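# Fold and contact review
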Amino acid sequence: MSTADVALAPGPDEAAALPEPGRAPGAFGRFFRSELWLIFGRRRNWAGGLVLASVPLLIAVVVKVSGSGGGDTFVFAEITHNGLFVALAALTVELPFFLPIAVSAIAGDAVAGEANLGTLRYLLVTPVDRARLVLVKLGGITLFTLAATVLIAVVGAAAGLALFGGGTFTTLSGTSLGFAAGLGRLALVCGYLTLCLTGLGAVGLFISTLTEQPIGAGITLLALTVVSQILDQLSQVAAIHPYLPTHFWLDYAEVLRDPLDVGALGPGAASALAYVAIFTAAAWARFSTADVSA
Amino acid sequence: MTVATGLAVATEGLTKRFRSGQLAVDGIDLRVPHGAVYGFLGPNGSGKTTTIRMLLGLLRPTAGTASLLGQPMPQGAALALPRVGALVEGPAFHPYLSGWHNLMRLDAADRTARASAAEDRVRGALDRVGLAAAAGKRYRHYSLGMRQRLGIAAALLRPRELLVLDEPTNGLDPQGTREVRGLLVELAGAGTTVVLSSHLLSEVEQVCTHVGVMHRGRLVAQDTLAGLHARGASRAVVGTPRPAVAAAVLDRLGLADVVVHPPGATAELGDHAPQDVVAALVHADVPVTEFRVSGAGLEDLFVSLTGEGFDVNG
């Protein structure tokens, strides 16, 4: 056995060894998992998840009891034909406000929450590189966003299929799809909305580096989301519409056309990625030199 | 070799002026030798915590430099900080996580820590501060003393070359204070350098080898404990028409630094009881016209240096 083997062999002595400057294998993954534990192990976030999940149940039950209404939009009208549309309907109604609330709560908490508790200073003296912390926080926001979207979709699909079955999946173009294809379209919608909401989350991450008040950061992000949606309604400012963070969100409906044109999601995806890149960089620039006095 | 590399902590003209204009730390030159237990003293608000935050790379100095274990801060944080355990301005943890999970979180954040020994490290640290039984309890249900212990456990997650502990016995009962003091003595005995900040002289006096005193952002004294003792030592002052004889008696009793100072003599009282000194003088037929003890130890020196007791500097 060489000395290198001895040095690498895990054992009880390891806990007593002085820290080496080198990086332990899988260190980033371990820190990231601890971040997820922090988000998904928190009761507050489970309560938020319950609220998100209750909407598709509400929709499914109401439609089951009362049937489709005359003035229903496409996704709502299709619910009685295919239960998967409960998921799409729930995502549609939660997109303007409920999902942004969830993202705001998590993104606002990202850095400001740790600063508010004082845990930020202990992370930094551990030491956690500030750029690494920003990336881990962004990763946490992304996975939470994915989880929130998928939760709504899964609960909606399950409730819908149970109450209405998985019949014909009619597209906006009027064609019919098989069950598996319909499920694929739903997954694509989830992916697209996750990306859009992560763009918003990156803005929240940046705001979160500006303050020690997580609630304030979250409310600021939520207010920005609402303002963006209002501006998007005003034709007078049409010139800025493509730059608004919420502008392309409803493009997910393109997924419901036949044949599928994924390219239609391009502008929204590009916009979201630009928001992620710009605001993650801004968060890093602001945070990397910030005095941490909390 | 620069001065900095021979010291565990060294600063040159370290200064912090906050955006509000307040000069919190004003050009201090800290010198903490390897292996020292350095008592960092000063009233609340004198700049101790701001200094510690700069040492640990949390705040950027307005001017001056700081080095920690030979690394410039904050640039060398990644190299220096894994070897440093710190308790800064009280413990801070996630209230809805248990003590165990809070330490696991900090351990996971340390990129130099191998995952395979994480549980051993956390268990060891909790054992060390007597929190093993409360490991599964949520932090929000911890008492002030338990929170402080958890903060110390976090600093001890790994073997450290340097511990920077800001008011570590805050909120502890006398028993807990004694345990922490014992722990520090044990760690220092094993060669760990310790920087211990406190506004209580009595707290550091028993464990420190070196002392630095802060007052309104300035380091007004820095010395070994013995050196500081000498400055603040009580002296026996004898008034007598026969100073030479009195001095001889003081010398024979073993008092240090005997000085003939007509009309009398003075010497460092040390451990000697004043009444024994007077008895010896009278016994030697020294006509004593006056006897008094001047200066009353470090406490008085501390107060004279900082100009106040426990008042907060505005």
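Residues numbered from 1 in each chain as written. Chains lettered and ligands numbered in written order. Predicted model: local features only at pLDDT ≥ 70, side-chain atom pairs only at ≥ 80, totals over all residues. Heavy atoms only, no water.

This brings us to the overall build of chain A. Looking only at helices and strands, chain A has eleven helices and two strands in total. Going residue by residue from the N terminus, the α and β elements of chain A occur as α-α-α-α-α-α-α-α-β-β-α-α-α. Scored against the burial criterion, the 294 residues of chain A give a buried share of 48%. Within chain A, counting contacts between residues at least 6 apart in sequence, those at least 24 apart form 78% of the total. Counting only carbon and sulfur atoms, one obtains 70% of the accessible surface of chain A, whose full area is about 12,800 Å². Across chain A, the 14 positively charged side chains and the 18 negatively charged ones have centroids separated by 6 Å. (Helix = DSSP H or I, 4+ residues; strand = E, 2+ residues; numbered from the N terminus. Buried < 20%, exposed > 50% of the residue type's maximum accessible area, 1.4 Å probe, protein only. Contact = heavy atoms within 4.5 Å. Areas by Shrake-Rupley, 256 points an atom, 1.4 Å probe, with all protein chains shown as cover. Lys, Arg positive; Asp, Glu negative; His and termini not counted. Charge placed at Lys NZ, Arg CZ, Asp CG, Glu CD.)

Each side of the interface is counted separately: chain B has 48 residues, and chain A has 46 residues. In total, chain B and chain A occlude about 4,100 Å² of area from one another, counting both sides; carbon and sulfur atoms represent 57% of this. Taken as a group, Arg105, Arg111 and Arg114 of chain B account for 19% of the area that chain B buries against chain A, more than any other trio of residues on that side. At the junction of chain B and chain A, the tally comes to four salt bridges. Across the pair arginine 105 of chain B and glutamate 35 of chain A runs a salt bridge whose closest N-O atoms are separated by 3.1 Å. Mapped by element, the contributors of at least two residues to the side of chain B that touches chain A are helix H2 (77-80), strand E7 (84-87), helix H3 (99-109) and helix H4 (118-128) of chain B. Per-element accounting of the side of chain B that touches chain A gives the leading share, seven residues, to H3 of chain B. Counted by class, the side of chain B that touches chain A contains 26 nonpolar, six polar and 16 charged residues. (Buried area = accessible area lost by both parts, 1.4 Å probe. Salt bridge = Lys/Arg side-chain N within 4 Å of Asp/Glu carboxyl O. Nonpolar A, V, L, I, M, F, W, Y, C, P; charged D, E, K, R; others polar.)

What follows covers the UniProt feature "transmembrane region" (unreviewed entry) in chain A. Residues annotated by UniProt as "transmembrane region" (unreviewed entry) correspond here to residues 46-65, 85-112, 133-166, 186-207 and 264-285 of chain A. Along residues 85-112 of chain A one finds 89% helix and 0% strand; the C-alpha atoms at either end are 38 Å apart. (UniProt positions renumbered as here; feature names shortened; annotations may be inferred.)

Next up on the list: the sheet that holds strand E10 (residues 210-215) of chain B. All names here are of chain B. Taking strand neighbours across the sheet as the criterion, the six strands line up as E7-E8-E9-E4-E10-E11 in an open arrangement whose pairing is mixed. Bordering the open sheet on either side are E7 and strand E11 (218-224), each of which pairs with just one other strand. Along the sheet, successive strands turn relative to each other by an average axial angle of 10 degrees, direction set aside. Bridging between strand E8 (residues 162-166) and strand E9 (residues 193-198) involves five bridges; their strand directions are parallel. Among the inter-strand pairings, leucine 165 is bridged to a residue of E9, identified as leucine 196. The strands touched by helix H1 (residues 48-55) within the sheet are strand E4 (37-41), E8, E9 and E10, with E4 carrying the most contacts at an inclination of about 135 degrees. (Pairing = 2+ DSSP bridges. Axes fitted to C-alpha atoms, helices over the stretch in contact; angles between N-to-C directions.)

Here the focus is the packing of helix H5 (residues 84-94) of chain A against helix H8 (residues 130-164) of chain A. Residues and elements named next belong to chain A. It is the contact of H5 with H8, at a shortest axis distance of 6 Å, that shows an interaxial angle of 140 degrees. When the interaxial angle is binned, H5 and H8 end up oblique. Between H5 and H8 the crossing geometry is right-handed. Mapping the contact onto sequence places Leu84, Val86, Ala87, Ala90, Leu91 and Glu94 in H5 and Thr149, Ile152, Ala153, Gly156, Ala157, Gly160, Leu161 and Phe164 in H8. Tallied by class, residues from the contact of H5 with H8 come to ten nonpolar, three polar and one charged. (Parallel < 35°, antiparallel > 145°, perpendicular 65-115°, else oblique. Left-handed = near helix turned anticlockwise from the far one by under 90°.)

Residues and elements named next belong to chain B. Most of strand E14 (residues 264-268) is tucked away: four of the five residues are buried. Two elements, strand E12 (residues 235-239) and E14, share five bridges in a ladder whose sense is antiparallel. Along E14, the bridge assignment pairs valine 237 with threonine 266. One ladder, built from three bridges, connects strand E13 (residues 256-260) with E14; its direction is antiparallel. Within E14, the position partnered with valine 259 by the bridge is threonine 266. Hairpin remark: E13 followed by E14, antiparallel, with three residues in the connecting loop.

Attention shifts here to the pattern of salt bridges. A complete count under the given rule lists 21 salt bridges over all chains for this structure. For the salt bridge of lysine 137 of chain A with glutamate 35 of chain A, the shortest nitrogen-to-oxygen distance reads 2.9 Å. Separated by 102 residues along the polypeptide, lysine 137 of chain A in helix H8 and glutamate 35 of chain A in helix H2 (residues 27-40) bring together distant segments of the chain. As far as burial versus exposure is concerned, lysine 137 of chain A and glutamate 35 of chain A are alike and both buried. Several salt bridges converge on common partners, so that one network encompasses Glu35, Glu114 and Lys137 of chain A together with Arg105 of chain B.

With that settled, the discussion passes to the confidence of the model for chain B. On average, chain B scores 87 in pLDDT, and the residues at 70 or more come to 94%. Here residues 309-314 of chain B is modelled with pLDDT under 50, and outside its nearest four sequence neighbours on either side it reaches 13 contacts, counting other chains as well. (pLDDT = per-residue confidence, 0-100.)

Looking at chain B, the domain boundaries give domain 1 (4-229) and domain 2 (234-294). Its C-alpha centre places domain 1 of chain B at a distance of 44 Å from the equivalent point of domain 2 of chain B. (Domains from an automatic or database assignment.)

The next thing to look at is the packing of aromatic side chains. A full pass over the atoms with the stated rule returns nine aromatic pairs over all chains. Measuring from centroid to centroid gives 6.4 Å for tyrosine 122 of chain A and phenylalanine 93 of chain B, while their planes differ by 5 degrees, and the two rings are stacked. You can see tyrosine 122 of chain A sitting in helix H7 (residues 119-125) and its partner phenylalanine 93 of chain B sitting in the loop between E7 and H3, one on each of two chains. Here tyrosine 122 of chain A and phenylalanine 93 of chain B have matching classes, each one buried. Ring pairing ties together the aromatic residues Tyr122 of chain A together with Phe93, Tyr139 and Tyr142 of chain B, which thus form one cluster. Seen from the ring of tyrosine 139 of chain B, arginine 147 of chain B lies directly overhead, with NZ or CZ sitting 4.7 Å from the centre. (Phe/Tyr/Trp six-rings, centres within 6.5 Å; stacked < 30°, edge-to-face > 60°. Lys NZ or Arg CZ within 6 Å of the ring centre and 35° of its normal.)

In terms of nonpolar packing, the biggest core is built from 155 residues, with Ile79 and Leu91 of chain A together with Leu56, Leu68 and Leu103 of chain B touching the most fellow members. Excluding anything up to four places from it in sequence, leucine 91 of chain A contacts Leu99, Thr149, Ile152, Ala153, Leu186, Val189, Cys190 and Leu193 of chain A. Membership of the second largest hydrophobic core comes to 14 residues, among which are Ala247, Val249, Ala280 and Leu281 of chain B. (Core = buried A, V, L, I, M, F, W, Y, C linked by side-chain atoms within 4.5 Å.)

Attention now goes to helix H10 (residues 274-283) of chain B. All names here are of chain B. Val277, Ala280 and Leu281 are the residues of H10 that are buried. The arc that holds the buried residues of H10, viewed along the axis, is 100 degrees, so those residues lie on one side. Structural note: H10 exposes Gln275 and His283 on the side pointing more than 90 degrees away from its buried face. Next to the buried residues of H10 lie E12, helix H9 (243-253) and strand E15 (290-294). A positive backbone phi angle near 60 degrees is found at aspartate 285, which sits one or two residues after H10. (Arc of directions from axis to C-beta.)

Let us look at unusual backbone geometry. Cis rather than trans, the peptide bond between threonine 126 of chain A and proline 127 of chain A has omega equal to 5 degrees. Cis geometry is found at the peptide bond from methionine 73 of chain B to proline 74 of chain B, where omega equals 5 degrees. Here proline 74 of chain B shows up in the loop between strand E6 (71-73) and H2. Despite not being glycine, glutamate 89 of chain B has its phi angle at roughly 50 degrees, a positive value. Here glutamate 89 of chain B is to be found in the loop between E7 and H3. Even without being a glycine, glutamate 167 of chain B presents a positive backbone phi close to 50 degrees.

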